[in-house]
Amino acid sequence: MAPDEPDPVGHVPGDQISPFLLLCDHAGRLVPRKLGNLGAPAGEFDRHTAYDIGALGVATRLSERLGAELIFQRYSRLVIDCNRPPHVPSAFVKRADGSPIKANQALTATDAAARCAEIFHPYHSAIEAALARRQASVIVAVHSFTPKHTELPGPRPWHVGLLFNRFDGLAMALQDALASDPSLTIGMNEPYKVSDNDDYAIPVHAERTGRAHVEIEVRQDLILEAEGQMAWGDRLADALVAALAVMDRSNTASPVAAAKLQSGAPQ
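Predicted model only: the values in this text are computed from it and were never measured.

## What to know about the overall build of the protein
Piece 1. Each helix and strand in the protein was counted, giving six helices and nine strands.
Piece 2. A globule of 267 residues ought to have a C-alpha radius of gyration of about 18 Å, and the protein, at 18 Å, matches this closely.
Piece 3. Seen through its principal axes, the protein has C-alpha atoms that stretch 50 × 40 × 35 Å.
Piece 4. Sequence-distant contacts, at least 24 apart, represent 81% of the contacts inside the protein between residues at least 6 apart.
Piece 5. Here the protein has roughly 12,100 Å² of accessible surface; of this, 55% comes from carbon and sulfur atoms.
Piece 6. Side chains of the protein give 25 positive and 32 negative charges; the mean places of these two sets differ by 3 Å.

Printed below as a string of structure tokens:
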């Protein structure tokens, strides 16, 4: 990137007493000028393939309501997906929902390393620095998902998905808090499940360090506009506070969380 281009890391400081650290891995859709439009079809950067539509608005409202520090990533996941281990193929997608991303199809190791050095590593270093400033943080990663998947029949029924891998404590408490609204359809590990190969932020920054965490996916048609983003930010803020209070009172681990970290945590 040129020196005058935006920093890959966006940051809202929050206050130092909030237990929450918010992440938004797919907040932005910028592309370094040197890469042009990556050879992607016109309009590709308006779609979910480029970024998580509405997620930054929800995360920003959550930050306001919770007084929580927020770290977000400004560049498109089509440049490099900052929620993937950089060694897996999906970190540099060659095709997105059938559309060719030409600049990624013959990507050299040198170019891939440059994207890691200039975008991926600064983002995750900022998260590590934020965690180092806090004695204990609850990590909440905010994402969004499409109402329909191109390869699956029918619409996705969930309004919100709560994702986890080895440790489900906060996700289960958050499910209970959100379930007070009977109009909501909540997906547990929907539309997908966190894994070591397909995710990075939760396995590395939360599971590996033993911090409570949840990845939240909100359906995009609910948060396309600012009004929906504010409403979902408020709803999730109230639910997260309630869920954390339940966890603090119970002080017990769920069956998934009972497994010791060293028995299978990513190294």
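Right, picking up where we left off after that structure.
## A short note on the state of the cysteines
Piece 1. Counted according to the given criterion, the structure contains zero disulfides.
Piece 2. Cysteine C82 is unpaired, with the sulfur of C116 as its nearest cysteine sulfur at 8.5 Å.
Piece 3. Among the residues examined, C82 registers a relative accessible area of 0% and is labelled buried.
Piece 4. Take C116: its relative accessible area is 11%, and that puts it in the buried class.

## With respect to the side chain of E215
Piece 1. Its location among the elements puts E215 in strand 9 (residues 213-219).
Piece 2. We note that E215 is buried and unpaired, the nearest opposite charge coming from R84 at a distance of 7.1 Å.
Piece 3. Separated by 2.7 Å, the side chains of E215 and Y192 make a polar contact.
Piece 4. For E215, the residues in contact, after removing those within four places along its chain, are N83, A141, H143, G161, L162, L163, Y192, V194, D199 and I202.

## Things to note about the environment of R133
Piece 1. Mapped onto the elements, R133 comes out in the loop between helix 3 (109-132) and strand 6 (138-145).
Piece 2. In the structure, R133 is positioned 43 residues away from D176 in sequence and 30 Å away in space, judged by C-alpha atoms.
Piece 3. Those residues in contact with R133 that sit more than four places away from it in its chain are H11, Q16 and E69.

## A word on helix 1 (residues 55-66)
Piece 1. Taking 1.5 Å as the rise per residue, helix 1 with twelve residues should run 16 Å; its terminal C-alpha atoms sit 16 Å apart, in good agreement.
Piece 2. All of the buried residues along helix 1 are A55, V58, A59, R61, L62, S63 and L66.
Piece 3. As for helix 1, its buried residues are in contact with strand 1 (9-12), strand 2 (20-24), strand 3 (69-73), strand 6 and helix 6 (226-250).
Piece 4. Backbone geometry just downstream of helix 1 places G67 in the positive-phi region, at approximately 65°.

## A word on the packing of aromatic side chains
Piece 1. One pass over the full model with this rule turns up two aromatic pairs.
Piece 2. With a centroid separation of 5.0 Å and 75° between ring planes, the pair formed by F120 and Y200 is classed as edge-to-face. Of this pair, F120 sits in helix 3 while Y200 sits in the loop between strand 8 (186-188) and helix 5 (201-207), and the two are 80 residues apart along the sequence. This pair shows no difference in class: F120 is buried, exactly as Y200 is.
Piece 3. Directly above the ring of W232 sits R235, whose terminal nitrogen or CZ lies 4.5 Å from the centroid.

## A word on the pairing of strand 7 (residues 160-163)
Piece 1. Residue alternation in strand 7 divides its side chains into two sets, V160 and L162 and G161 and L163, and both sets are buried.
Piece 2. The sheet contact formed by strand 7 and strand 8 spans three bridges and is parallel. Looking across to strand 8, one finds that V160 is bridged to I186.
Piece 3. Bridge count between strand 7 and strand 9: four bridges; the pairing is antiparallel. Paired with G161 across the two strands is E217, which belongs to strand 9.

How each quantity is defined
- Residues numbered from 1 in each chain as written.
- Predicted model: local features only at pLDDT ≥ 70, side-chain atom pairs only at ≥ 80, totals over all residues.
- Heavy atoms only, no water.
- Helix = DSSP H or I, 4+ residues; strand = E, 2+ residues; numbered from the N terminus.
- Rg over C-alpha atoms; globule rule 2.2 N^0.38 Å.
- Contact = heavy atoms within 4.5 Å.
- Areas by Shrake-Rupley, 256 points an atom, 1.4 Å probe, with all protein chains shown as cover.
- Lys, Arg positive; Asp, Glu negative; His and termini not counted.
- Charge placed at Lys NZ, Arg CZ, Asp CG, Glu CD.
- Disulfide = S-S within 2.5 Å.
- Buried < 20%, exposed > 50% of the residue type's maximum accessible area, 1.4 Å probe, protein only.
- Salt bridge = Lys/Arg side-chain N within 4 Å of Asp/Glu carboxyl O.
- Polar contact = N/O pair within 3.5 Å; in protein donor to acceptor, adjacent residues only side chain to side chain.
- Expected span 1.5 Å × (residues − 1).
- Phe/Tyr/Trp six-rings, centres within 6.5 Å; stacked < 30°, edge-to-face > 60°.
- Lys NZ or Arg CZ within 6 Å of the ring centre and 35° of its normal.
- Pairing = 2+ DSSP bridges.

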